[in-house]
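Topology and contacts: notes
As a plain string of letters, each chain reads:
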Amino acid sequence: MVSSHCTRAMVNQDYSPTDNEEKILSILKEGYDENRPWGRANPLYLRERTNLNKQQVNYALNQLTAAGWIRKLTEGLYEFVNDPRIE
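Keep in mind the model is a prediction, meaning the values are calculated, not measured.

**Some words on helix H4 (residues 54-66)**
When the terminal C-alpha atoms of H4 are compared, their 18 Å separation across 13 residues agrees well with the 18 Å that a helix rising 1.5 Å per residue should span. Inspection of H4 places Val57, Ala60, Leu61 and Leu64 among the buried residues, and these make up the whole buried set. Each buried residue of H4 lies within a common arc of 100° when the element is viewed along its axis, so the set occupies one face. In H4, the exposed residues that point more than 90 degrees away from the buried face are Gln55, Tyr59 and Ala66. One side-chain oxygen at the N-terminal end of H4 lies 3.0 Å from the backbone nitrogen of Gln55; it belongs to Asn53. Directly after H4, the chain includes Gly68, whose backbone phi takes a positive value near 85°.

Below, the structure is given as structure tokens:
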């Protein structure tokens with residue numbers, strides 16, 4: 001049996017997020033330094049907070065998911081995984 005951590009995508013440390021992807025990441029990271037809930041959002045919330053359109057948000061989410069920086073937990077819910085630029 002393969003453990004679940006082996007099936008997860010690795011974080012692409014060489015990936016360079018676009019400006020739109022940076023906006024998504026910044027929303028997902030909000031609250032981290034303030035000891036409050038952080039790291040999860042749905043596309044509608046991201047659209048409202050970034051003023052990006054549906055297509056732009058979906059594309060950014062797909063690219064960040066493919067890079068392993070975020071993951072899709074369920075339909076319409078994404079979670080921050082890692083930003084290799086910060087330790």
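**A few points about the sheet that holds strand S1 (residues 40-41)**
Taken in spatial order, the 3 strands of this open sheet run S1-S3-S2, and their pairing is antiparallel. Every interior strand has two partners, whereas the edge strands, S1 and strand S2 (70-74), have only one. Strand direction decides the pairing type here: S2 and strand S3 (residues 77-80), joined by 4 bridges, are antiparallel. Within S3, the position partnered with Arg71 by the bridge is Glu79.

**A few points about the nonpolar core**
Among the nonpolar cores identified, the biggest contains 17 residues, and Ile24, Leu46, Leu61, Leu64 and Ile70 are the most heavily contacted of them. Secondary-structure elements contributing two or more residues to this core are helix H2 (19-29), H4 and S3. Those residues in contact with Leu46, other than ones at most four positions away along the chain, are Ile24, Ile27, Ala41, Val57 and Leu61.

**Quick word on the environment of Ser26**
Here Ser26 shows up in helix H2. Along the backbone, Ser26 and Gly39 are 13 residues apart, and their C-alpha atoms lie at a distance of 9.6 Å. Among the polar contacts listed, one links the side chain of Ser26 to the backbone oxygen of Lys23, at a separation of 2.8 Å.

What counts and how
Residues numbered from 1 in each chain as written. Predicted model: local features only at pLDDT ≥ 70, side-chain atom pairs only at ≥ 80, totals over all residues. Heavy atoms only, no water. Helix = DSSP H or I, 4+ residues; strand = E, 2+ residues; numbered from the N terminus. Expected span 1.5 Å × (residues − 1). Buried < 20%, exposed > 50% of the residue type's maximum accessible area, 1.4 Å probe, protein only. Arc of directions from axis to C-beta. Polar contact = N/O pair within 3.5 Å; in protein donor to acceptor, adjacent residues only side chain to side chain. Pairing = 2+ DSSP bridges. Core = buried A, V, L, I, M, F, W, Y, C linked by side-chain atoms within 4.5 Å. Contact = heavy atoms within 4.5 Å.

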